[in-house]
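Close look at the chain arrangement
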Amino acid sequence: MKKSPKTFYTRTYGCQMNELDTEVMSGMLLRRGLRPVEDEESADLLIFNTCSIRDLAERKVMGKLGQLGRQKRPNRIIGVTGCMANAKKDRLLQKMPHVDFVLGTNNLHDLDVVLDELLHTGLKTVHTDETFTQELNYIGANRKDPYRGFVSIIRGCDKYCTYCVVPYTRGPEVSRPMNHILEECRNLVAAGYKEITLLGQNVNSYGNDRPTWNSRFHDLLYELDKIMEGGRIRFLTSHPVDITRELMEAIRDLPSLCEHVHFPLQAGSSRVLRKMHRIYTKEEYLDKVAALRSLVPGVELGTDMIVGFPTETEEEFEETMEAMRLVRYATAFLYTYSPRRGTPAMRWADDVPLEVKEARHKRLLSLHQEISAELMGAMLGSEVEVLVERKNRDGTHLKGLTRCWRNVIFEGPDALIGSLQKVRLHSFSHNTFIGERQTPLRQVS
Ligand code: SAH
Ligand code: SF4
Ligand code: F3S
């Protein structure tokens, strides 16, 4: 039988939802009396909160687990949680017999029970429910960041893009009651948080699974804006189909809502989009972008794009390049297609050769870097609002993020950390602006 652990170490792979889930588990472990440690070697309990989105994400974890299996540490407890737990279920234990428990994305609340079971009976457990039914203790999360907090508003995804594992690893959409969200946000604001990122695989679906609540995503935003006390709100991620006129108006009208919208296109060709089951055409997407830009002048956009989806031709890839040129995204996360077990796209041959995928990825990336540098150049001389988060690595400047997700460094006293400041941008290097502080926007609290 294993000894009761005294220390724990967590490692998170994947998206912000996973980061928040790790913070929730970490809170549970603290309440059990365990102490977090920074290095994995000295921890009695290791938790790997995993991601399945691409093959590389899974290989990283499997490599790590394989390496741990070769070290003989009989008293160490190893748990695998998150999306890969749902994707692999008990196959994980078969492959990695030194793993002690497997907890899926919808079973994180079971962590205490699973640990108790393991310590009392020695039994290894695999819990991977398909649907999220029990609310997590978000308020008890052990948050890493003191000024920017993640708040979950909807879990799961009903969109079923043909390449994506998320509907299978996280299950169907389940919205969280609005009063719980508001209560958590009030707590965060009272604790000094200046920015809240609302999380969901598709935040715009908020409330769709609960028609009787009669609250849609924009309704939630209007309520939240009232409690933000000068702080700011972002949201991740939104499906273009569900970006409504009401949401666009909320971005225009609510002072707390950042003017940066993640608007993931995925591919520039309508044929590829149809095959991806993205349920919009290139034209419909561009119309929405135009509508948003006319309602909210100066709004910046972000995207995710996949190159090398099955059957994508060179001409179709050129349409993705063209969309990048047209929309001029401020932020872009670019991926090469990775076939995932259990998804509809697995039925099709992964027929774009790796070198072609990589060459397309490289071209798209360098186009985006060019555009990004132009956009940054155009911002020089302007004044932006920066949430000051820390000193930069050299300790010479303060560092933070603008409302539009740009890094800024500037000189100032440490006391400004945790506050919102007005900064004039005078130059930039790579992805970071260098600026000068203007008259304080708000008092340092
Ligand atoms: N729910 C979000 C993001 C989900 S995953 C959304 O729909 O926008 C983040 C990104 O990973 C996706 O937007 C997509 O660009 C990428 N992705 C998902 N599955 C992938 C796959 N099989 N291969 C390559 N990239 C993938
Ligand atoms: Fe995946 Fe599509 Fe859902 Fe995003 S919207 S999580 S890409 S299935
Ligand atoms: Fe990865 Fe799951 Fe997030 S697959 S990207 S951790 S939803």
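Residues numbered from 1 in each chain as written. Chains lettered and ligands numbered in written order. Predicted model: local features only at pLDDT ≥ 70, side-chain atom pairs only at ≥ 80, totals over all residues. Heavy atoms only, no water.

As a structural note, the neighbourhood of ligand 3 is formed by C15, N18, T50, C51, S52, I53, C83, V166, R170 and Q201. Across the shell around ligand 3, the residue classes tally to five nonpolar, four polar and one charged. (Near = heavy atom within 4 Å. Nonpolar A, V, L, I, M, F, W, Y, C, P; charged D, E, K, R; others polar.)

With six bridges connecting them, strand β13 (residues 300–307) and strand β14 (residues 331–336) associate as parallel partners. Opposite I306, over in β14, you have Y335 as the bridge partner. (Pairing = 2+ DSSP bridges. Helix = DSSP H or I, 4+ residues; strand = E, 2+ residues; numbered from the N terminus.)

This part is about the site of ligand 2. Close to ligand 2 lie C157, K159, Y160, C161, Y163, C164, V166, P167, Q201, H239 and R278, which account for all nearby residues. For the shell around ligand 2, a count of residues per class yields seven nonpolar, two polar and two charged.

To continue, consider the pattern of salt bridges. For the coordinates displayed, the defined rule picks out 41 salt bridges. Between R340 and E58 there is a salt bridge; the shortest N-O distance is 3.4 Å. Within this pair, whereas R340 is found in the loop between β14 and α13 (354–379), its partner E58 is found in helix α2 (residues 55–70), the two being separated by 282 residues in sequence. Note on accessibility: R340 and E58 belong to one class, buried. For the salt bridge of E383 with R424, the shortest nitrogen-to-oxygen distance reads 3.0 Å. Taken together, the residues E383 in strand β15 (residues 383–391) and R424 in strand β18 (residues 420–429) connect sequence positions 41 residues apart. Take E383: its relative accessible area is 35%, and that puts it in the partly exposed class. A single salt-bridge network, built from bridges that share partners, covers R148, E195, R232, R234, E259, E385, E389, R390 and R403. (Salt bridge = Lys/Arg side-chain N within 4 Å of Asp/Glu carboxyl O. Buried < 20%, exposed > 50% of the residue type's maximum accessible area, 1.4 Å probe, protein only.)

Moving on, we come to the pairing of strand β19 (residues 432–437). As paired elements, strand β17 (residues 407–410) and β19 share four bridges and run parallel to each other. Across the sheet, V408 pairs through a bridge with F433, a residue of β19. Both β18 and β19 contribute to a ladder of six bridges, which runs antiparallel. For S429, the partnering residue across the bridge sits in β19 and is T432. Hairpin connection, β18 to β19: the antiparallel pair is bridged by two residues, and H430 has positive phi, about 50°.

Before going further, it helps to examine unusual backbone geometry. For the bond running from L236 to T237, omega is -10°, close enough to zero to count as cis. Position of T237 among the secondary structure elements: in the loop between β11 (232–236) and α9 (245–253). One non-glycine residue, H277, lies in positive phi territory at about 60°. Structurally, the position occupied by H277 is in the loop between α10 (270–276) and α11 (282–295). On the basis of relative accessibility, which here comes to 34%, the residue H277 falls in the partly exposed class.

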